[in-house]
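So you can see what is in the structure, the chains are spelled out below.
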Amino acid sequence: MSSPNYDSACLPDLLPLYYRRLFPFSQYYRWLNYGGVQKNYFQNREFSFTLKDDIYVRYQSFSTQAELEKEMQKMNPYKIDIGAIYSHRPNQHNTVKSGTFHALEKELVFDIDMTDYDDVRSCCSAADICCKCWILMTIAIRILDRALREDFGFQQLLWVYSGRRGVHCWVCDEAARKLSVAARSAVAEYLSLVKGGDETVKKVVLTDPIHPFIRESLTLVERYFPRYALQEQDILGRKESVDKVLALTPEDVRKELQQDFQNEKKPENRWKLVKDQAKRKQGTSKKGQYFEKEIMLQYCYPRLDVNVSKGVNHLLKSPFSVHPKTGRISVPMDLKELETFDPFAVPTISQICEELDRPRTGEDEEKTEDAKEKENEKDAAERRKIRDYKRTSLGKYVKYFDQFLDGLARSWKGELLKKSDLQKDF
């Protein structure tokens, strides 16, 4: 899915320009410093860089925004990963007493990758995606965002497109950042429903009574299932895919449906026959029969990499990192526009670097402004940088990030006030 205007061979030339003029360092630092509420929070954060030729550098850490900028502009990483807040500065981990260097806290994170859905999509496989299967990411975000907010009470959720084939969620509430490994595992397990590897035919098994969380999730899945499964993937059209669906039903029902399907070829009508059989079975069976719901969940429910969520010291790709294969920027997502989000419209590094050189209306006014700015060079450089990303298609995604940070800042204010009251001498 690499963009036609992106050539990975140009990456070494484009990255210096990206980190010098386009990367939103001030917002990035504002996020990871969390209002400076906790001492050394930013300084004890691990960053890891993947450099050209897959050279991997772990345990990077920085004292200030300026230091982070300088190092990123010097190293021009192909990929940036963010790790935990440690007990000591990560770049000094070799100098501290053995056994004392350990991860203290980190955002609760989720990683959803389209490759995990290969058994339920026929349009693409492996790293490829298209608009037909992207609906799965929309469903995943809708289900997890609702559950994290309503079932767990988290508010500060940052959803990010990975730049290629998936999405990440950063839960940034203080309570989420302080969760233990056991608590993270419990949240991840609560949200996991599709279980078993390639050999497992039936990956979703529902029991009586259906948990309220699963009922809520089903309400969302029912909205998208006809479009995704019946239309886009045609799961009740081709014989091979019909057999896969029928394998998820009880044997006696399967035989009846095979007969019924001889006379009914339309996928929507075939699905109605499946639902009718489930309703009939529920009426005659003592034990709950939910095979039509299990089918919907198996085809549409989010598939989580739970190991990413469980570990405090697990690294995850940073927002605004460039995906070396596609050239696309890993951008924050605005959930108000989730239904229309198009991964193929996300700008590539080539695109935004080209956009920098295009003349635009109001350029003369800017030149006058530049003359005034020379009075304070540092200030001018900062303002120039702000205008640089604003004049490219990266601008709207930085704006989403700003809006997210404004909400996050409101949660810091209470902590900062508390802290200042405690420090007053009466």
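If you're wondering where the values come from, they're calculated on a predicted model, not measured in any experiment.

K.L.:
Can you lay out the environment of glutamate 150 for me, pointing to particular residues and giving the numbers?
P.N.:
Mapped onto the secondary structure, glutamate 150 falls in helix 4 (residues 131-151). Along the primary structure glutamate 150 and phenylalanine 213 are separated by 63 residues, whereas in three dimensions their C-alpha atoms are 9.8 Å apart.

K.L.:
Provide a residue-level description of the nonpolar core, including the pertinent values.
P.N.:
Membership of the largest hydrophobic core comes to 128 residues, with the highest contact counts inside it found for Tyr18, Trp31, Phe47, Phe225 and Ile349. Per-element tally for this core: the top contributor is helix 4, with twelve residues.

K.L.:
I'd like a description of the packing of aromatic side chains, backed by residues and values.
P.N.:
Counted according to the given criterion, the structure contains 29 aromatic pairs. Judged by centre distance (5.8 Å) and plane angle (45°), the rings of tyrosine 19 and phenylalanine 23 are tilted. The exposure class assigned to tyrosine 19 is buried, which follows from its relative accessible area of 0%. Here phenylalanine 23 and phenylalanine 25 contribute two aromatic rings whose centre-to-centre distance is 4.6 Å and whose plane-to-plane angle is 45°, an arrangement assigned as tilted. On the basis of relative accessibility, which here comes to 1%, the residue phenylalanine 25 falls in the buried class. A cation over a ring is seen here: arginine 58 above tyrosine 59, with NZ or CZ 4.6 Å from the ring centre.

K.L.:
Which residues make up the layout of surface pockets, and what values do they have?
P.N.:
Of the pockets and cavities examined, the largest pocket occupies roughly 450 Å³. Of all the secondary structure elements, the ones that give two or more residues to the lining of the largest pocket are strand 3 (79-86), strand 5 (108-113), strand 7 (166-171) and strand 8 (316-317). Its residues assigned to classes, the lining of the largest pocket comprises six nonpolar, six polar and nine charged.

K.L.:
Please set out the state of the cysteines residue by residue, giving values where relevant.
P.N.:
With the rule as written, the count across this model stands at zero disulfides. With no disulfide partner, cysteine 131 has as its closest neighbouring cysteine sulfur the one in cysteine 130, 5.3 Å distant.

K.L.:
Break down helix 8 (residues 239-246) for me, citing the residues and quoting the values.
P.N.:
Restricting attention to buried positions, one finds in helix 8 the residues Ser241, Val242, Val245 and Leu246. Relative to the axis of helix 8, the buried residues are bounded by an arc of 140° and lie together on one face. In this structure, the buried side of helix 8 is in contact with helix 9 (251-263), helix 10 (267-284) and helix 11 (291-300).

K.L.:
Describe the pattern of salt bridges, naming the residues involved and giving the relevant values.
P.N.:
Applying the stated criterion to the full structure yields 27 salt bridges. A salt bridge links lysine 255 to glutamate 251, with the shortest nitrogen-to-oxygen separation between them at 3.8 Å. Placement of both lysine 255 and glutamate 251 in helix 9 is noted, with a separation of four residues, approximately one turn of the helix. When sorted by exposure, lysine 255 lands in the same class as glutamate 251, which is exposed. For aspartate 334, the salt bridge identified is with lysine 336, shortest N-O distance 3.9 Å. Judged by relative accessible area, aspartate 334 falls into the buried class, the value being 15%. Sharing partners across several salt bridges, the network here consists of Glu105, Glu174 and Lys178.

K.L.:
Go over the packing of helix 10 against helix 11, please, and point to the residues and values.
P.N.:
Closest axis-to-axis distance for the helix 10/helix 11 pair is 8 Å, and the angle between their directions is 135°. Classified by the angle their axes make, helix 10 and helix 11 are oblique. On helix 11, the residues touching Trp271, Val274, Lys275, Gln277, Ala278, Lys281 and Gln282 of helix 10 are Phe291, Glu292, Ile295 and Met296. Class assignment for the residues of the contact of helix 10 with helix 11 results in six nonpolar, two polar and three charged.

K.L.:
Let's hear about helix 10: which residues, and what values?
P.N.:
Spanning 18 residues, helix 10 covers 26 Å between terminal C-alpha atoms, matching the ideal 26 Å at 1.5 Å per step. Taken residue by residue, helix 10 has Pro267, Arg270, Trp271, Val274, Gln277, Ala278 and Lys281 as its buried positions. Summarising the axial view, the buried residues of helix 10 lie within an arc of 115°, below the 170-degree limit, and thus occupy one face. Opposite the buried face of helix 10, at more than 90 degrees from it, the exposed residues are Lys279, Gly283 and Thr284. Against helix 7 (212-232), helix 8, helix 9 and helix 11 lie the buried residues of helix 10.

Cut-off values and rules
- Residues numbered from 1 in each chain as written.
- Predicted model: local features only at pLDDT ≥ 70, side-chain atom pairs only at ≥ 80, totals over all residues.
- Heavy atoms only, no water.
- Helix = DSSP H or I, 4+ residues; strand = E, 2+ residues; numbered from the N terminus.
- Core = buried A, V, L, I, M, F, W, Y, C linked by side-chain atoms within 4.5 Å.
- Buried < 20%, exposed > 50% of the residue type's maximum accessible area, 1.4 Å probe, protein only.
- Phe/Tyr/Trp six-rings, centres within 6.5 Å; stacked < 30°, edge-to-face > 60°.
- Lys NZ or Arg CZ within 6 Å of the ring centre and 35° of its normal.
- 1 Å grid on protein atoms, 1.4 Å probe; cavity = no way out; pocket = protein on both sides within 12 Å on 5 of 7 lines; lining within 4 Å.
- Points joined across faces, edges and corners; volume = space filled by probe spheres on them.
- Nonpolar A, V, L, I, M, F, W, Y, C, P; charged D, E, K, R; others polar.
- Disulfide = S-S within 2.5 Å.
- Arc of directions from axis to C-beta.
- Contact = heavy atoms within 4.5 Å.
- Salt bridge = Lys/Arg side-chain N within 4 Å of Asp/Glu carboxyl O.
- Axes fitted to C-alpha atoms, helices over the stretch in contact; angles between N-to-C directions.
- Parallel < 35°, antiparallel > 145°, perpendicular 65-115°, else oblique.
- Expected span 1.5 Å × (residues − 1).

Distances and angles like these do not, on their own, reveal function.
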